Amino acid sequence: MSLELPRIPISGMTLPEPPSMPDLPVGQTSLGNAVVVGLKEIWAHKFRSALTMLGIVLGVSSLVAMSAMVQGMENGQREAMLAIGGLEKVRMEAQRVPVEQRHLRDMARGMTLADVEALKAGIPEIEIIAPEMRLEVDPTLQANGRFHRTFMTGGILPEKMRIMEHEVEHGRMFNDIDAAEARPVCLIGTGIRDELFGRPEETGTEVIPLGRTMTINGQPFTIIGMFKRYEGEQDRKQRLEREAERQRLLAEGRTPPKAQGPSRGQGRGGSFAFWIKNNTVYMPLNTMWHRFQAGLSNAPPEPRLSNIELKVRDFSRIEQTLSRIRNIMMVNHRGIEDFAFRTFEDWSADIDRFVKNARMSGGLIAGISLFVGGIGIMNIMLASISERIREIGIRKAVGAGGLDIFVQILVESTVIAVVGGLLGLAFSRFVVLGITWVAPTGNDPVITGGAMALAFGFAVGVGLLAGIFPAVKAARMDVIQSLRYD
Amino acid sequence: MPAADIDTAMALLELRNVSKIYHLGGEEIRALDDVSLDLEQGEFVSIIGPSGSGKSTLMHILGCLDSPTRGNVTLAGTEIARASARELARVRNRTIGFVFQFFNLLPKLNVLQNVELPMIYAGIGGRERRERAGKALEMVELGHRLKNRPNQLSGGQQQRVAIARALVNNPKIILADEPTGNLDTHTGELILSLFRRLAAEGRTVILVTHNPEIAAVTPRQIEIRNGRIAHQVDARLAGLDRSGGGDLPPSAP
């Protein structure tokens, strides 16, 4: 049989003169095409892609949230450290004579003002030096019919105010005459005021107990000054919020509820340092000596200091300065080591170690969840290519090289990771809010750009890695086999 | 090797002593056994043979989907028998257009996007791609269905989209594997006449089929059996074919 082909309208009507298609210009395969193809593929499987992204979203947001919490804690600690004088501060504390020098015990004279003078004269690197004499047993304070025990009662020289960064907000600092005459005067922190005279939140007005009498272990003292209130960023914010709430209630003519219980904030990381600072009672060193030490039967022949705090000018040379201080102290103490150094470098190192550990463990957990997200991506990409074997065959038949297919699959997995990463960054804010809501901390979590960049970069890296194996698999598929695949 | 004797000048596609050998469980299978063949520009040729004859293997080699185990393949003067997969992909992209029995359109892409596909891998910019794809679709009279998905088209229309896709990079060779296998007779005739036009334009159109009736529309027929060229008919040699000069119906026996 012979086929009689009819004339179809196509001939002669639309066909231009041969060659009908213009010559193909020389082109360059671009990544842009691959990205577009990848995006379309993801859009075509919206639900599946969204589920896959979820792993990355959670990984990224938990990484960012974890980092924000740790950053918040670190900030709180650093803030507290600065509040008590910073890294340049060195503290020397009286300690018991070490065992190997026990037999020299009777010759130990403890830290005295002579040490302070010697250090002041001998070491110019010392910016401030401030001795303190504490009561050996925490004293009982009494005023206004209330009792309070505090362990921060000290006799000081005025330098102490600078080194501790105390500010007198109400009243005055003691003067030289107060000191010389060992007058029974003292300055208190707002924490003492809160305990003895009531907190502003309770009383409704701020009590400034200047001129009132307070007994310390039964001895009457006149309060001549009060420090300002010290608080961390977070505490101030909360206090101002409470204050605003109270004002609003007052303005509406309602009685604001009395605040319940003392807000000491112990165990709240950085807040503790502020609490201590607010619970300070200071008097002249001479007053402390005369009223609490000199009269005792076992009193030392000269005032014994509990600690000497000093601040060096140049933190970078603290090692050398410390060894010179030690030399002078050893000479003064005739070689008996009845004093010990404590630098805040240790504390700083502690903070660093804590932060590093928290980062490592938190990062590891968040990293694992990102890794799991990556496995999800790989899984879905493998599923995706095995249901697209024929498509890959067709693409190859019309001229896609292995590299084109490789890039396409890699782009798809990376796009999932990138979109998931971006969503995760946006979502991390809510995770942080959620965590602080469930478990409030004293420190505001801080989402840092660095943490976001790191988490995002990690997510993209995971997406790339997860795509490599499926991409290689797809790129290596045999054209003929895949074209035949059903 | 009659084809080689006729034409001493360089043919568009030359196969010299091409063999393709598969090893299947220690057994050697000669899918193609020492085949030599010349295809000229503008030829309309069919390759015919029953399944298992080596016809498909020959088509794969002609279409640069596969490389021979032995022998040489020269395409437009360039030896491609030992070309890398990447080079073969480039040849497929620029020199060969495929038309398949099952159309092999991508179901997720619309008609225009399907036709654009080869140009994506040729690295053609978006605007140029749409322009050329539109033009190719107009040539197959589907200029009005650009936004349709393949499953919204009839078989004949899908095959015309596939032809537009095969044409869009302006290839020298169109390789059609049972292009009418899934079409009714009338539609198949339309498609075949389209191929005839393409050959008349100066393209080499290779029609692979198991059906002698389909093969009969081409002036030259090559029959493959057991991996060898068993029989060749060339109507032009007999002065029976005037194709290329007009729109005469085929007259092969």
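Keep in mind it's a predicted model, so treat the numbers as computed, not measured.

Calculation rules
Throughout this document, residue positions are counted from 1 along each chain, in the order its sequence is written. A letter from A marks each chain and a number from 1 marks each ligand, given out in the order of writing. For a predicted model such as this one, the threshold for reporting local features is a pLDDT of at least 70, and the threshold for listing and counting side-chain atom pairs is 80 or more; totals across whole chains, interfaces and linings nevertheless cover every residue. Side-chain measures here rest on the full set of heavy atoms in the structure, leaving out hydrogens and waters. Numbering of helices and strands runs from the N terminus, with a helix taken as a DSSP run of H or I at least four residues long and a strand as a DSSP run of E at least two residues long. Burial classification: accessible surface area is computed with a 1.4 Å probe over protein chains only, and a residue below 20% of its type maximum counts as buried, one above 50% as exposed, and the rest as partly exposed. Contacts between residues were defined by any pair of non-hydrogen atoms, one from each residue, lying within 4.5 Å. Note on areas: these come from Shrake-Rupley sampling with a 1.4 Å probe, and a residue is covered only by the protein chains present in the view. Any two of the Phe, Tyr and Trp rings considered here, Trp counted by its six-membered ring, make a pair once their centres fall within 6.5 Å; the pair's planes then place it as stacked at under 30 degrees, edge-to-face at over 60, or tilted in between. For a Lys NZ or an Arg CZ to count as sitting over a ring, it must be within 6 Å of the ring centre and within 35 degrees of the ring normal. Each nonpolar core is a collection of buried residues, namely Ala, Val, Leu, Ile, Met, Phe, Trp, Tyr and Cys, held together in the definition by side-chain atoms within 4.5 Å. For two strands to pair, DSSP has to find at least two bridges joining them. Only protein atoms enter the 1 Å grid used here, on which a cavity is any set of points holding a 1.4 Å probe that cannot leave and a pocket is any open set flanked by protein within 12 Å on both sides along at least five of seven lines; residues with an atom within 4 Å of a point are listed as lining. Grid points are joined across faces, edges and corners, and a volume is the space filled by probe spheres set on the points. All residues other than Ala, Val, Leu, Ile, Met, Phe, Trp, Tyr, Cys, Pro, Asp, Glu, Lys and Arg, Gly among them, are scored as polar; the first ten of these are nonpolar and the last four charged. As a per-residue measure, pLDDT reflects the predictor's confidence and takes values from 0 up to 100. Any pair of nitrogen or oxygen atoms within 3.5 Å is treated as a polar contact; in protein, a donor-acceptor pairing is required on top of that, and neighbouring residues in sequence qualify only through side-chain atoms on both sides. Helices are assigned an expected span. That span is 1.5 Å times one less than the residue count. Note on bend: at a given residue it equals the angle between the axes fitted to the 7 residues ending there and to the 7 starting there. Every axis in this analysis is a line fitted to C-alpha atoms, fitted for helices over the stretch in contact. Angles between the N-to-C directions lie between 0 and 180 degrees. Taken from the helix axis, the directions to the C-beta atoms give the arc we talk about. Just to be clear on terms, a salt bridge is a Lys or Arg side-chain nitrogen sitting within 4 Å of an Asp or Glu carboxyl oxygen.

Trainee: Looking at this structure, I do not really get the overall build of chain A. What am I missing?
Mentor: Across its full length, chain A carries 16 helices and twelve strands. Scored against the burial criterion, the 486 residues of chain A give a buried share of 47%. For chain A, contacts bridging at least 24 residues in sequence account for 82% of all contacts bridging at least 6. Accessible surface, chain A: about 24,000 Å² in total, of which carbon and sulfur atoms supply 59%.

Trainee: Just to check I follow, could you spell out the packing of aromatic side chains for this structure?
Mentor: Geometry of an aromatic ring pair is reported as the spacing of the ring centres plus the angle between the planes. Residues and elements named next belong to chain A. Counted under the stated rule, the structure contains four aromatic pairs over all chains. With a centroid separation of 6.0 Å and an interplanar angle of 10 degrees, the aromatic rings of Phe-221 and Phe-292 are classed as stacked. Placement of Phe-221 in strand 9 (residues 219-227) and of Phe-292 in helix 10 (residues 285-293) is noted, with a sequence separation of 71 residues between them. Accessibility assignment for this pair places Phe-221 and Phe-292 in one class, buried. One Lys or Arg, Lys-46, reaches over the ring of Trp-43 and ends 4.5 Å from the middle of that ring. A cation sits over an aromatic face here: Lys-277 above Tyr-230, 4.2 Å from the ring centre.

Trainee: Quick question: what am I supposed to make of the nonpolar core here?
Mentor: The tendency in soluble globular proteins is for nonpolar side chains to be buried as a group. In this structure, A:Val60, B:Leu13, B:Leu15, B:Leu58, B:Leu62, B:Val73 and B:Ile206 are the most contacted members of the largest nonpolar core, which totals 80 residues. With residues up to four places along the chain from it excluded, the contact list for B:Leu62 reads B:Leu13, B:Leu15, B:Leu39, B:Ile47, B:Ile96, B:Leu175 and B:Ile206. A:Ile129, A:Val207, A:Leu305 and A:Ile328 belong to the second largest nonpolar core, which has 39 residues in total.

Trainee: Can you help me understand the sheet that holds strand 2 (residues 27-39) of chain B in this one?
Mentor: Across a sheet, strands are paired by hydrogen bonds formed along the backbone, either parallel or antiparallel in direction. Residues and elements named next belong to chain B. Read across the open sheet, the four strands follow the order 2-1-4-5; overall the sheet is antiparallel. Of all strands in the sheet, those bounded by a partner on one side alone are strand 2 and strand 5 (78-79). Bridge count for strand 1 (residues 13-24) against strand 4 (residues 70-75) is five bridges, and the pairing is antiparallel. Residue Leu-13 lies in a different strand from strand 4, and its bridge partner there is Leu-75.

Trainee: When you look at empty space enclosed by the protein in this model, what are you seeing that I'm missing?
Mentor: Empty space among the atoms becomes apparent when a probe as large as a water molecule is rolled across them. Evaluation of the coordinates by the stated rule reveals six cavities of 30 Å³ or more. Within this model, the largest cavity holds a volume of roughly 100 Å³. Around the largest cavity sit A:Glu41, A:Ile42, A:His45, A:Arg48, A:Ser49, A:Thr52, A:Ile380, A:Met381, A:Ser384, A:Arg388, A:Glu412 and A:Ile416, which together line it. Secondary-structure elements contributing two or more residues to the lining of the largest cavity are helix 1 (31-44), helix 2 (46-83), helix 12 (344-386) and helix 14 (402-438) of chain A. Here the lining of the largest cavity is built from residues that sort into four nonpolar, four polar and four charged. Roughly 80 Å³ of volume is contained in the second largest cavity. Forming the boundary of the second largest cavity are A:Ala397, A:Val398, B:Arg92, B:Asn93, B:Ile96, B:Gly97, B:Phe98, B:Pro118, B:Arg165, B:Ala166, B:Asn169 and B:Pro171. The element best represented in the lining of the second largest cavity is strand 6 (residues 96-99) of chain B, accounting for three residues. Among the residues forming the lining of the second largest cavity, the class breakdown is seven nonpolar, three polar and two charged.

Trainee: For this particular structure, what's the right way to read the layout of surface pockets?
Mentor: For the largest pocket, the calculated volume is near 800 Å³. Contributing to the lining of the largest pocket are 26 residues, with A:Ala94, A:Glu136, A:Gln293, A:Arg304 and A:Leu305 lying nearest its centre.

Trainee: I'm lost on the confidence of the model for chain B in this one. Help?
Mentor: Any segment with low pLDDT has predicted coordinates that should not be analysed in fine detail. Residues and elements named next belong to chain B. Of all residues in chain B, 90% attain a pLDDT of 70 or more, and the chain-wide mean is 83. Within the model, pLDDT remains below 50 along residues 1-7, and this stretch shows nine contacts once partners closer than five positions in the same chain are excluded. Low pLDDT, under 50, characterises residues 243-253; the predicted model gives this stretch 18 contacts beyond four residues in sequence or across chains.

Trainee: What exactly am I supposed to notice about the confidence of the model for chain A here?
Mentor: Residues and elements named next belong to chain A. The predicted model of chain A has a mean per-residue pLDDT of 81, with 89% of residues at 70 or higher. Ignoring residues within four places in sequence, the model shows residues 1-19, a span with pLDDT below 50, making 34 contacts including any to other chains. In this model, residues 260-269 is a region of pLDDT below 50 whose contacts with residues beyond four sequence positions or in other chains number 15 contacts.

Trainee: Mind showing me how you'd approach the environment of A:Glu79 here?
Mentor: All names here are of chain A. Along the chain, Glu-79 turns up in helix 2. Relative accessible area serves as the criterion here: at 27%, Glu-79 is assigned to the partly exposed category. Taking the C-alpha atoms as reference points, Glu-79 and Ala-273, separated by 194 residues in sequence, lie 9.3 Å from one another. When neighbours within four sequence positions are excluded, Glu-79 is seen to be in contact with Gly-232, Glu-233 and Phe-274.

Trainee: Looking at this model, I keep getting lost on the side chain of B:Asn170. Mind explaining?
Mentor: Mapped onto the fold, B:Asn170 is located in the loop between helix 6 (155-167) and strand 7 (173-177). Polar contacts involving the side chain of B:Asn170 include one to the side chain of B:Arg203, which spans 2.9 Å.

Trainee: Sorry if this is basic, but what is going on with helix 15 (residues 449-476) of chain A here?
Mentor: Note: α-helices contain 3.6 residues per turn, so residues at a spacing of three or four share the same orientation. Residue and element names in this part refer to chain A. Taking 1.5 Å per residue, 28 residues should reach 40 Å; helix 15 reaches 40 Å between its end C-alpha atoms and fits that length. Taken as a whole, helix 15 carries its principal kink of about 35 degrees at Ile-468; the proline Pro-470 stands between one and four residues after it. Within helix 15, the full set of buried residues consists of Ala-451, Ala-455, Ala-459, Val-460, Val-462, Gly-463, Ala-466, Gly-467, Pro-470, Ala-471, Ala-474 and Ala-475. Next to the buried residues of helix 15 lie helix 2, helix 12, helix 13 (389-397) and helix 14.

Trainee: Teacher, can you tell me more about the sheet that holds strand 7 of chain B here?
Mentor: Residues and elements named next belong to chain B. Pairing in this open sheet of six strands is mixed, and the strands run 6-7-8-3-9-10 from one edge to the other. Strands at the two margins of the open sheet, each flanked by one partner only, are strand 6 and strand 10 (228-234). For this sheet, the mean inter-axis angle between neighbouring strands, taken without regard to orientation, is 20 degrees.

Trainee: What am I meant to see in helix 11 (residues 318-332) of chain A here?
Mentor: Residues and elements named next belong to chain A. Here helix 11 contains 15 residues, and its C-alpha end-to-end distance of 21 Å stays within 8% of the 21 Å for a straight helix at 1.5 Å per residue. Along helix 11, the positions that sit buried rather than exposed are Ile-318, Thr-321, Leu-322, Ile-325, Ile-328, Met-329 and Asn-332. Angularly, the buried residues of helix 11 cover 125 degrees about the axis, an arc narrow enough to put them on a single face. Facing away from the buried side of helix 11, by more than 90 degrees, are the exposed residues Glu-319 and Val-331. Count one or two residues on from helix 11 and you reach Arg-334, which has phi positive near 55 degrees.

Trainee: I keep staring at the pattern of salt bridges and nothing clicks. Help me out?
Mentor: Residues and elements named next belong to chain A. Applying the stated rule across the entire model yields 35 salt bridges over all chains. A salt bridge links Glu-309 to Lys-89; the nearest nitrogen and oxygen atoms lie 3.6 Å apart. Highlighted residues: Glu-309 in strand 11 (residues 307-312) and Lys-89 in strand 1 (residues 89-94), separated in sequence by 220 residues. For the pair formed by Glu-309 and Lys-89, the shared burial category is buried. As a salt-bridge pair, Lys-311 and Glu-165 come within 3.8 Å of each other at their nearest N and O atoms. Of the two residues, Lys-311 is situated in strand 11 and Glu-165 in the loop between helix 4 (159-163) and strand 6 (168-171); the sequence distance between them amounts to 146 residues. Overlapping salt bridges, with partners in common, bring together Lys-89, Arg-91, Glu-93, Glu-132, Arg-134, Lys-160 and Glu-309 in one network.

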